[in-house]
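If you want the building blocks of each chain, they are given just below.
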2 protein chains.
Amino acid sequence: MSAVARKTRDDAPSGNASLKSEFVAFKTNRIVEVASHLFYERGYSSCTLDNVADKLGVTKPFLYSYFKNKEAILAAICEVGISESLAALEATLAGEHQGYRERLAELVRQVGRIVIDRQEYVVVYQREMKHLSATDHERILRLRHSFDHQIAELIREGVEAGEFREDTDSFVAVWIGGLISWIPTWYSPAGHRTADEVIDQLVAAALRLAGAEKPK
Amino acid sequence: MSAVARKTRDDAPSGNASLKSEFVAFKTNRIVEVASHLFYERGYSSCTLDNVADKLGVTKPFLYSYFKNKEAILAAICEVGISESLAALEATLAGEHQGYRERLAELVRQVGRIVIDRQEYVVVYQREMKHLSATDHERILRLRHSFDHQIAELIREGVEAGEFREDTDSFVAVWIGGLISWIPTWYSPAGHRTADEVIDQLVAAALRLAGAEKPK
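Residues numbered from 1 in each chain as written. Chains lettered and ligands numbered in written order. Predicted model: local features only at pLDDT ≥ 70, side-chain atom pairs only at ≥ 80, totals over all residues. Heavy atoms only, no water.

### Re the packing of aromatic side chains
Here is the rule: The criterion for an aromatic pair is that two Phe, Tyr or Trp rings (for Trp, the six-membered ring) have centres within 6.5 Å, with stacked assigned to planes under 30 degrees apart, edge-to-face to planes over 60 apart and tilted to the rest. Secondary structure elements follow DSSP: runs of H or I of four or more residues count as helices, runs of E of two or more count as strands, with numbering from the N terminus. Note on geometry: a ring has a charge over it if NZ (lysine) or CZ (arginine) is within 6 Å of the ring centre and within 35 degrees of the ring normal.
Going through the model one piece at a time under the given rule, you end up with 10 aromatic pairs over all chains. Geometrically, the ring pair formed by W175 of chain A and W186 of chain B is edge-to-face, given 5.7 Å between the ring centres and 80° between the ring planes. Of the two residues, W175 of chain A sits in helix α9 (residues 172–186) while W186 of chain B sits in helix α9 (residues 172–186), which places them in two different chains. Each residue in the set F171 and W175 of chain A together with W186 of chain B is aromatic and connected to the rest through ring pairs, giving one cluster. The aromatic ring of Y100 of chain A is capped on one face by R103 of chain A, whose charged end is 5.2 Å from the ring centroid. Here R127 of chain A stacks its cationic end above the ring of Y40 of chain A, 5.0 Å away from the centre of that ring.

### Description of the UniProt feature "DNA-binding region" (unreviewed entry) in chain A
Spelled out, the test is: UniProt positions are given in the numbering used here, feature names are shortened, and annotations may be inferred rather than shown by experiment.
In the numbering used here, UniProt assigns the "DNA-binding region" (unreviewed entry) feature to residues 48–67 of chain A. Secondary structure across residues 48–67 of chain A comprises 65% helix and 0% strand; the distance between its end C-alpha atoms is 14 Å.

### Section: the pattern of salt bridges
Residue and element names in this part refer to chain A. As a reminder of what qualifies: Each salt bridge in this description consists of a side-chain nitrogen of Lys or Arg and a carboxyl oxygen of Asp or Glu lying within 4 Å of one another. Between buried and exposed lies partly exposed: a residue is buried under 20% and exposed over 50% of the maximum accessible area for its type, with that area taken using a 1.4 Å probe on protein chains only.
With the rule as written, the count across this model stands at 20 salt bridges over all chains. D50 is the partner of K60 in a salt bridge, and the nearest nitrogen-oxygen pair spans 3.5 Å. Of this pair, K60 sits in helix α4 (residues 60–64) while D50 sits in helix α3 (residues 49–56), and the two are 10 residues apart along the sequence. In this structure K60 comes out as partly exposed when scored by relative accessible area, which is 29%. The exposure class assigned to D50 is partly exposed, which follows from its relative accessible area of 40%. Here the salt bridges do not stand alone but share partners, grouping E79, D136 and R139 into one network.

The structure is reproduced here in structure tokens:
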């Protein structure tokens, strides 16, 4: 389930309203998905809500019943990648992976998969973030900082535990974030390398940066 | 001298026309610089040539005597970062640095400096490349591929020479390119870290990725 759907679900009252809230989540996701593709193809500034409504075969008032305006749709798009990444991070840290090396490898693997699956959303975020309202921009930035901070913490603990090289600066978290964030700008499903190969290489690169490779 | 200026210089006839060609280069650079800042602040789609002319205090026909249209200015902006990086790469490879480790460190240092100095140009490229003509897009992509290819070649040779770890895949060049390209999206001159600190960390990260750290 996507971050958008999850958020809508969590906000919904429990009990017999749940089917209705699933419909809401489904429609919200469809709007975000179609708008993301349009913004990706044509640019946010060149797209109107009419374009989004036309593409979905709905009316503009229908859109307004789910999103306040075009910027609110952009904010939802921009939040998908980081929300899903944070969820993956939290699940990995709470999971059963033994040791820091395995945890780092697993979460980089999962987040790499997310940015490849959500390629268009991430690229729209990177290109169009300047069109976000100050509030949305700040909120998403806080999510990203939280992500970087938790990776830095994991690295610090891994160093302390002696699993990562002792000369590893936890600022390496920012470089690992860069490796991951950069993938959507160059990866092509039609390219030489499969998503799995790219993710394997990403994990290897992240472990090198963290001084966390398996001893031979 | 910037890539734009260099290009204009190289195209100019030698001899007594050189002062004139320097004027041309100066004006071309000023147009690119002012347009880059406008596109960075407001977005390419939202800016007109009138905005660029107003900001420079010149007429639109003046702009047309240097650039065919708005897209040609965008292309010049987008080319600055990669052209200067390629020039730095070629100078480093032709220079006196001993060994592959020193060469890699030196060129990553120089290119890191370029993307920080040219931050707005690089961000405009990353955000607005979809507005480039197919010809300009392809040309700039070829320059980027040439850069990646030469870094990959350097890594391959460093591995063969035994300076870099033998299990280093030359695809690491793409990850190093990612580290560098990602800097302009997060680095802030007003942030905690100085440009020099960021560049030192970048060099250390690139050497780790290449398995090229100094032995202790």
